[in-house]
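So the chains spell out like this:
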Amino acid sequence: DVKVTQSSRYLVKRTGEKVFLECVQDMDHENMFWYRQDPGLGLRLIYFSYDVKMKEKGDIPEGYSVSREKKERFSLILESASTNQTSMYLCASSLYRGIEGELFFGEGSRLTVL
Amino acid sequence: SQQGEEDPQALSIQEGENATMNCSYKTSINNLQWYRQNSGRGLVHLILIRSNEREKHSGRLRVTLDTSKKSSSLLITASRAADTASYFCAIYSNSGYALNFGKGTSLLVTP
């Protein structure tokens, strides 16, 4: 079965802390994505990657960075967490880009920044 | 961002009834996809319809696409309590680089 694993389901961090959200997929997918989900705003794309060591900004990259050192792993980094980054973070991967680009999602990481 | 927009925001029906959700968008699309999300969980892909297709079926799901009206609908027939979830449409526009999701329709199916 296809699997996207997010390392932490729930995290509580303090303002100013550096936060790492890890995502691993076991499907040999080229493409990986980070979204955040907030009530009333839906899912918004933060960053994505179409290949190892490659990254592209999505719609809301400010305050975030990413790392893709290996094909199966895509990490989201909050350099200095702020309270407005309290959210549900969803990682996804896909085999194809575009016309056949069905996404496979992890279970999500709910981050609270105090 | 070129989001789809779902309607209604919330829908409450009884088991056995049909549930219809709509998605409107503003740009030209490559494909449109529907996803389901159970409370507090990740999203699960339901169905993908390409811009040159008008209708697709998958089990109790029926999706239609009208590119002239820039709209799609998801019909769930003979709903069950287990269908209770949020449903999202997502569009891959011709000028886009990733899927853009709407805000979702929250469906409640009561026994």
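Higher on the page you've got the structure.
Residues numbered from 1 in each chain as written. Chains lettered and ligands numbered in written order. Predicted model: local features only at pLDDT ≥ 70, side-chain atom pairs only at ≥ 80, totals over all residues. Heavy atoms only, no water.

## Brief notes about the interface of chain A and chain B
Put simply, the rule reads: Here, two residues are considered to be in contact whenever any of their heavy atoms come within 4.5 Å of each other. When two parts are brought into contact, each loses some accessible area as probed by a 1.4 Å sphere; the total of that loss over both is the buried area. Any carboxyl oxygen of Asp or Glu within 4 Å of a side-chain nitrogen of Lys or Arg constitutes a salt bridge here. Under the rule applied, a polar contact is a pair of N or O atoms within 3.5 Å (in protein, one hydrogen donor and one hydrogen acceptor; residues adjacent in sequence only if both atoms are side-chain atoms). Each helix corresponds to a stretch of at least 4 residues labelled H or I by DSSP, and each strand to a stretch of at least 2 residues labelled E; elements are numbered beginning at the N terminus. For this classification, the nonpolar set comprises Ala, Val, Leu, Ile, Met, Phe, Trp, Tyr, Cys and Pro, the charged set comprises Asp, Glu, Lys and Arg, and every other residue, Gly included, is treated as polar.
Between chain A and chain B, the contact holds 26 residues from the first and 23 residues from the second. Surface buried jointly by chain A and chain B totals about 1900 Å² across both partners, of which 49% is contributed by carbon and sulfur atoms. Linking chain A to chain B there are 1 salt bridge. Taking the shortest distance from any N to any O, the salt bridge between R41(B) and E107(A) comes out at 2.3 Å. The interface formed by chain A and chain B holds 5 residue pairs in polar contact (both at pLDDT 80 or more) in total. Elements supplying a minimum of two residues to the side of chain A that touches chain B: β5 (31–38), β6 (42–49) and β10 (87–94) of chain A. With 4 residues, the single largest contributor to the side of chain A that touches chain B is β6(A). Class assignment for the residues of the side of chain A that touches chain B results in 12 nonpolar, 7 polar and 7 charged.

## Quick look at the pattern of salt bridges
Residue and element names in this part refer to chain A. For clarity, the threshold we go by: Exposure classes here rest on a 1.4 Å probe applied to the protein chains alone. A residue is buried below 20% of its type maximum, exposed above 50%, and partly exposed in between.
Scanning the entire structure with this criterion turns up 12 salt bridges over all chains. Between D38 and R36 there is a salt bridge, with the nearest N and O atoms lying 2.8 Å from each other. Accessibility expressed as a relative area gives 11% for D38, which makes it buried. On the accessibility criterion, R36 (8% relative accessible area) is buried.

## Re the layout of surface pockets
Stated formally: Grid spacing is 1 Å over the protein atoms alone, the probe is 1.4 Å, and a cavity is where that probe fits but cannot get out, while a pocket is an open set with protein on both sides within 12 Å along at least five of seven lines and lining residues have an atom within 4 Å of a point. Grid points are joined across faces, edges and corners, and a volume is the space filled by probe spheres set on the points.
Space inside the largest pocket adds up to approximately 510 Å³. Lining the largest pocket are 24 residues, with Q37(A), P39(A), G40(A), F88(B) and K103(B) positioned closest to its centre. Counting only elements with at least two residues in the lining of the largest pocket, the list comes to β5 and β10 of chain A together with β1 (5–7) and β9 (85–93) of chain B. Per-element tally for the lining of the largest pocket: the top contributor is β1(B), with 3 residues. Counted by class, the lining of the largest pocket contains 4 nonpolar, 14 polar and 6 charged residues. Taken as a whole, the second largest pocket spans an internal volume of roughly 390 Å³.

Without other data, these values stay purely geometric and don't point to any function.
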